[in-house]
Amino acid sequence: MFHVEHLQGKCSTWNIRLNIDFLMACGYKKAMAHIISITNQKGGVGKTTSSISLSTALAKSGVDVLLIDADSQFNTTSGLNAQNNRTFYDFLWSEGPDFSSYVQATKYPTLSLIGADPRLSGLEFEWSGLDQNKHILKRKMELIEKNYDFIFIDCPPSLGLLTVNALVASKFFIVPLQCEYYALEGLSLLLNTACTIKENLNPDLTLQGILLTMFDSRNTLSHKVVEQVRLHFKNKVFQTVIPRNVRLSEAPSHGIPISDYAPDSSGALAYNKLAEELIERLNFKKAFKENVLQ
Ligand SMILES: Nc1ncnc2c1ncn2[C@@H]1O[C@H](COP(=O)(O)OP(=O)(O)OP(=O)(O)O)[C@@H](O)[C@H]1O
Ligand SMILES: [Mg+2]
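The rules behind the values
- Residues numbered from 1 in each chain as written.
- Chains lettered and ligands numbered in written order.
- Predicted model: local features only at pLDDT ≥ 70, side-chain atom pairs only at ≥ 80, totals over all residues.
- Helix = DSSP H or I, 4+ residues; strand = E, 2+ residues; numbered from the N terminus.
- Buried ≥ 20, exposed ≤ 12 C-beta atoms within 10 Å, placed from the backbone.
- Axes fitted to C-alpha atoms, helices over the stretch in contact; angles between N-to-C directions.
- Parallel < 35°, antiparallel > 145°, perpendicular 65-115°, else oblique.
- Left-handed = near helix turned anticlockwise from the far one by under 90°.
- Contact = placed C-beta atoms within 7 Å.
- Nonpolar A, V, L, I, M, F, W, Y, C, P; charged D, E, K, R; others polar.
- Core = buried A, V, L, I, M, F, W, Y, C linked by C-beta atoms within 7 Å.
- Near = placed C-beta within 6 Å.
- Pairing = 2+ DSSP bridges.

Q: Tell me about the overall build of the protein chain, and name the residues and values.
A: The helix and strand tally for the protein chain stands at 13 helices and seven strands. Residues classed as buried in the protein chain amount to 42% of the 294 residues present.

Q: Explain unusual backbone geometry to me, and be specific about the residues and the numbers.
A: Although it is not a glycine, F74 adopts a positive phi angle of roughly 45 degrees. For F74, a count of 21 C-beta atoms within 10 Å gives the class buried.

Q: Go over the packing of helix α2 (residues 47-60) against helix α12 (residues 266-281) with me, naming the residues and quoting the values.
A: Look at α2 against α12: their axes get within 9 Å of each other, and the N-to-C directions meet at 65 degrees. In terms of orientation, α2 and α12 fall into the roughly perpendicular class. Two packed elements cross with a definite hand, and for α2 against α12 that hand is right-handed. Contact with α2, carried on its side by S53, L54, A57 and L58, involves Y271, N272, L274 and A275 of α12 and no other residues of that element. Among the residues forming the contact of α2 with α12, the class breakdown is six nonpolar, two polar and no charged.

Q: Go over the nonpolar core with me, naming the residues and quoting the values.
A: By size, the foremost hydrophobic cluster in this structure holds 79 residues, and its most contacted members are V65, I68, F150, I151, F152, L212 and Y271. With seven residues, the top contributor of residues to this core is α12. If near-sequence neighbours (up to four positions away) are discounted, Y271 is found in contact with S53, L54, A57, I242 and I258.

Q: I'd like a description of the site of ligand 1, backed by residues and values.
A: Taken together, the neighbourhood of ligand 1 is formed by 20 residues, with K47, T48, T49, P157 and S249 sitting nearest. Taken together, the elements giving at least two residues each to the shell around ligand 1 come down to α2 and α10 (246-250).

Q: Quick one: what's the story with helix α7 (residues 161-169), residue by residue and with numbers?
A: Summarising burial for α7: eight of the nine residues are buried, a large majority. For α7, the complete set of buried residues consists of L162, T163, V164, N165, A166, L167, V168 and A169. Of the surrounding secondary structure, the elements contacted by the buried residues of α7 are β1 (34-38), α5 (123-127), α6 (136-144), β5 (150-154), β6 (172-178) and α8 (187-200).

Q: Tell me about the environment of Q83, and name the residues and values.
A: Structurally, Q83 can be placed in the loop between α3 (75-79) and α4 (88-93). Distance in space between the C-alpha atoms of Q83 and Q104 is 8.3 Å, their sequence separation being 21 residues.

Q: Tell me about the sheet that holds strand β2 (residues 65-69), residues and numbers included.
A: If you trace the seven strands from one edge of the open sheet to the other, you get β3-β4-β2-β5-β1-β6-β7, paired in mixed fashion. The open sheet terminates on both sides in strands that have one partner only, identified here as β3 (104-105) and β7 (206-213). As paired elements, β2 and β5 share five bridges and run parallel to each other. Its bridge partner lying in β5, L67 is registered against F152.

Q: Talk me through the environment of T213; I want residue IDs and the actual numbers.
A: With respect to the helices and strands, T213 occurs in strand β7. The exposure class assigned to T213 is buried, which follows from the 25 C-beta atoms found within 10 Å. Measuring from C-alpha to C-alpha, the distance between T213 and Q178 comes to 4.8 Å, with 35 residues separating the pair along the chain. With near-sequence residues (within four places) excluded, T213 lies in contact with V45, G46, S50, P176, L177, Q178, C179 and I242.

Q: Tell me about the packing of α6 against α7, residues and numbers included.
A: Relative to each other, α6 and α7 sit at 45 degrees, their axes nearing to 7 Å. What the angle tells us is that α6 and α7 run oblique. Where α6 crosses over α7, the two elements pack in a sense that is right-handed. Residue-level inspection shows I136, L137, K138 and M141 of α6 in contact with α7, the latter providing N165, A166, V168 and A169. Across the contact of α6 with α7, the residue classes tally to six nonpolar, one polar and one charged.

Q: Describe in detail the pairing of β5, supporting the description with residues and values.
A: Taking burial as the measure, the five residues of β5 include five buried ones, the bulk of the element. Burial along β5 is two-sided: F150, F152 and D154 facing one way and I151 and I153 facing the other are all buried. Relative to β5, β1 runs parallel, the two being bridged by five bridges. For I38, the partnering residue across the bridge sits in β5 and is D154.

What follows is the structure, encoded as structure tokens:
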């Protein structure tokens, strides 16, 4: 029914409220950021909602997060009510090591943003003749990754050069999958593309998890999608499932993340849980402790 056979294997509460001041006082030094692309070439599956909500949930716990809007639709940028003359487009074309003017503060002290603008849609063409045009973002990341604990990249709905750049620059990728009939359509292409990138361009690239989104408990089909996806992808599927929640769809029009717009909503609570699960999966708590002890 969901055409999952061909997807198989080409490649093979802890409380997150960390006391950063205490860790700093103990001599905590930042390691390299966990760079995570949130990607699916299928449109409207929850990439942007997950990018904003997960980044905010982590940042509110005191973790330093940079969120990059890599989509010319700039939904992440407007979802955080951010404006900056200098955007991701300018950052990608910039020369020299100074990146600070492209990074925008948000109302959360530990969440920074590099925003997007429509010029990104012309980048594929503009980059087409450049050497090493799949590594442009990776080279930029080397300048900034020491400044953050997490860097999330909200990818556009395509497998074009920007998404390839994001995957070449990332250690992990998360694939939001909408709990609906065509959920798995295109997933094999995405996973095969990621495999090719892993084999040829970025050996570190790892699927961190498939994130089931817009789950409707009253809908039998939603349950079937969850069942099928878990059956085939097993522990590569996040335990946390994001429910369909109208508050999540309202929040962007107010330019406010769900954690502030409706902190007690089922959507906000699910993204808090996802943040905790991600921290656990990455063993991030341990990394913090080891750093303190060094
Ligand atoms: N869990 C949810 N419950 C209800 N609405 C949701 C949920 N997640 C996302 N939405 C809504 O669904 C629409 C698509 O979500 P979103 O923009 O996050 O997807 P996307 O994958 O980033 O889309 P695109 O491919 O266009 O970038 C938006 O209107 C968003 O507000
Ligand atoms: Mg989006």
